[in-house]
Amino acid sequence: MLHQFFHEIGQKLIRKRPLEAIAESERCVAHLNILNLVILGVGRMLRSGVYIVAGAVAKYIAGPATIISFLVAALFSMLSGLCYAEFGAWVPRSGSVYLYSYVTMGQLYAFVIGWNRILPLVIGTASLARASSYVFDSLIGNHISQALQETFSLHLPYSLATYADFFALGLVLLMTGLLLLGARESILVTKISIGINILVLIFIIITGFVKGDLHNWKLTEQDYKLNTSGSRDIYGLGGLGLLGSGGFAPFGFEGILQGASTCFYCFFGVTAVATKGGEAINPRRSIPWSIMITIFICFLAYSGVSAALTLMVPYHQIQPHDPLPQAILYSWWLPARYFVTIGTLCALISRLQSAMFRMPPLIYMMAKDGLLFRILTRIHVRTGTRVVAIMSAGNLTGVMALLFKLTDLVDLVSVGTLLINSLVAFSVLVLRYQPDQNLSKNENTEEEIEMPDLDEHPLDSEPEARNSNVLKSLWFPISTIPTRKSGQIVYGCASLLVLLMIILSLIVVQWSSQGFSAGSGYTPVAVLLLLLIIGVTVIIWRQPQNPIPLYFKVPALPVLPLVSIFVNIYLMMQITSGTWAIFGIWNVIGFLIYFGYGIRHSLEENDEQQPPASTSQTLDKNTPSPESS
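Let me begin by describing the structure that accompanies this report. These figures come from a predicted structure and were not determined experimentally. (Residues numbered from 1 in each chain as written. Predicted model: local features only at pLDDT ≥ 70, side-chain atom pairs only at ≥ 80, totals over all residues. Heavy atoms only, no water.)

1. Topic: the overall build of the protein chain
Here is step 1: When you go through the protein chain residue by residue, the secondary structure sums to 25 helices and 0 strands.
Here is step 2: The proportion of buried residues among the 629 residues of the protein chain is 54%.
Here is step 3: Of the contacts formed within the protein chain by residues at least 6 apart in sequence, a portion of 84% connects residues at least 24 apart.
Here is step 4: On the protein chain, roughly 27600 Å² of surface is accessible, and the fraction owed to carbon and sulfur atoms is 66%. (Helix = DSSP H or I, 4+ residues; strand = E, 2+ residues; numbered from the N terminus. Buried < 20%, exposed > 50% of the residue type's maximum accessible area, 1.4 Å probe, protein only. Contact = heavy atoms within 4.5 Å. Areas by Shrake-Rupley, 256 points an atom, 1.4 Å probe, with all protein chains shown as cover.)

Below you can see the structure in the form of structure tokens.
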């Protein structure tokens, strides 16, 4: 009885969402070329990180080596981007990562991705509001922050800001009100925002290289003693703390990696390109190339701004709440400061408006699927807006913008993004080794015939022979196409690899704090774990791959997705314990909602008669399919 109960629960967790049929007249026409996709991706990626995060990372984490941190983040974002491209190829239509995971991996997997996708959207929007507040406050002489700090100072946990930012809250509520009134995202406003972004960034980069001083990349301890006393940090982004050891990388290799984990926030947006396979012209070529070009352009922007900033101002004197206008002021070019400040403010507010549009659709979609509360699907009769989803997203974003420090908001986005990147890479790894999931009534006929034959084999009655057959199937699969058994082997091996990589990452983090000493006790453990990881990877490599034709496939399988997973996990280990505590609370709340409500109210629970989902590359007329988001 207990076994049956757990079996039923397990079946519910892996239920897949069927794709609903789309009428021929409603099918998306391929119209996006590489240029269109790159513009879309750059518009999503050039966020507040270029204006705020670069300064905070340079001052407290990596120094001038922030450039290297952005390079590391960009390179491994490309790996994740390629995994996203294949993941989207399994579902032949434009959509969201949540939709793709529900169709291919199952309900619980989709809920985890969807719930942790909401977090970066909410936190990313809150960080834009907080950054806009900082920049506007700087423009008018810091009067808002001083007044709020005197009136609403917060002396609670360190993760909270030093004062409640009601200006940021007001911005979020204003944008929420516009959404409730039926405002629509404007393509013209988006294009103008991108144009302002690029102009301001080019101006800053040119100014930095013209007025910068290479000596700021070669600072010594003597330089630190100048102009460090009396510095005020009214924004709660940390004190001066340790200033590092000088030079280009004052905080060492560990600082570069920790900076890279924060800089991942700046490349959050690669899904905007990867999920457009259904609308792309020649997606086999345009999707991967667009992802790489987009990340490369954004890396040039982020690294160029970081270089200009650290050349103009010694990194330990950077004002992290408003780094770029202050850097221009430090270079004694007063009129340019107002141009940069106003341009930055316009770009941030337009990005804030754009970000507000992306949260409600995902919340609405998950609620419509029954994984979140159905009240979130309520639509206003007159305006046609998703009123409850918009209010929920706006209120949550407002609270985050009101109470939390910008650096903690950025770290939360980074840890959520890294987790989703890992889950997508894991999905790509296991899906390629699964049998065709385009199920029919006779789907299991062959396996059901074959399995009894294997069970009736006289040798299978002997435990030794059975164990020998299992070991033989690990190294020498009997089939050249994936079977149910080979798929289960890959699932098990991939899950074991994730566990081994988590342990290895923890050990490497501790080992790096000791300077990778050869005499450390961590050395033999790390070597043993590496040997186990290599051995299990070879087992996966030996299994047959699904020959299904996809418009894009990740090269060097299984190595590339595994490298992506390991890097994501390792960078997640660089995130502070306070951020992990908040992230843990968010996921505990999510699992309470799912197991208390979602698992019983999902559409698949209430409609057992629907045909199974298909992950085949082609859809016939009767194949079901979800609403694109």
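Now, onward.
2. With respect to helix 5 (residues 97–104)
Here is step 1: Of all 8 residues in helix 5, 8 are buried; the element is thus mostly enclosed.
Here is step 2: Taken together, the buried positions of helix 5 are V97, Y98, L99, Y100, S101, Y102, V103 and T104.
Here is step 3: Of the residues trailing helix 5, G106 is marked for its positive phi of about 120°.

3. Description of the nonpolar core
Generally speaking, soluble globular proteins have nonpolar side chains that are buried together.
Here is step 1: One finds Y51, I118, F267 and L372 to be the most contacted residues of the largest nonpolar core, which totals 182 residues.
Here is step 2: When neighbours within four sequence positions are excluded, I118 is seen to be in contact with L362, I363, M366, L372 and W586. (Core = buried A, V, L, I, M, F, W, Y, C linked by side-chain atoms within 4.5 Å.)

4. Structural notes on the packing of aromatic side chains
Here is step 1: Scanning the model with the defined rule gives 16 aromatic pairs in all.
Here is step 2: With 5.9 Å between their ring centres and 10° between their planes, F111 and W115 make a pair best called stacked. A residue pair is termed a helical-turn pair when its members lie 3 or 4 positions apart in one helix, as F111 and W115 do in helix 6 (residues 107–139) at 4 residues. In terms of burial, F111 and W115 fall into one category: buried.
Here is step 3: Both rings, one in W217 and one in F248, keep their centres 5.2 Å apart while their planes meet at 70°; by these two values the pair is edge-to-face. Remark: F248 occurs in the loop between helix 10 (221–224) and helix 11 (252–263) and W217 occurs in the loop between helix 9 (187–211) and helix 10; sequence separation between them is 31 residues.
Here is step 4: Put simply, the rings of F111, W115, W586, F591, Y594 and F595 pair up and form one aromatic cluster.
Here is step 5: For the cation-ring pair, R386 lies above Y364, with the distance from its terminal atom to the ring centre recorded as 4.6 Å. (Phe/Tyr/Trp six-rings, centres within 6.5 Å; stacked < 30°, edge-to-face > 60°. Lys NZ or Arg CZ within 6 Å of the ring centre and 35° of its normal.)

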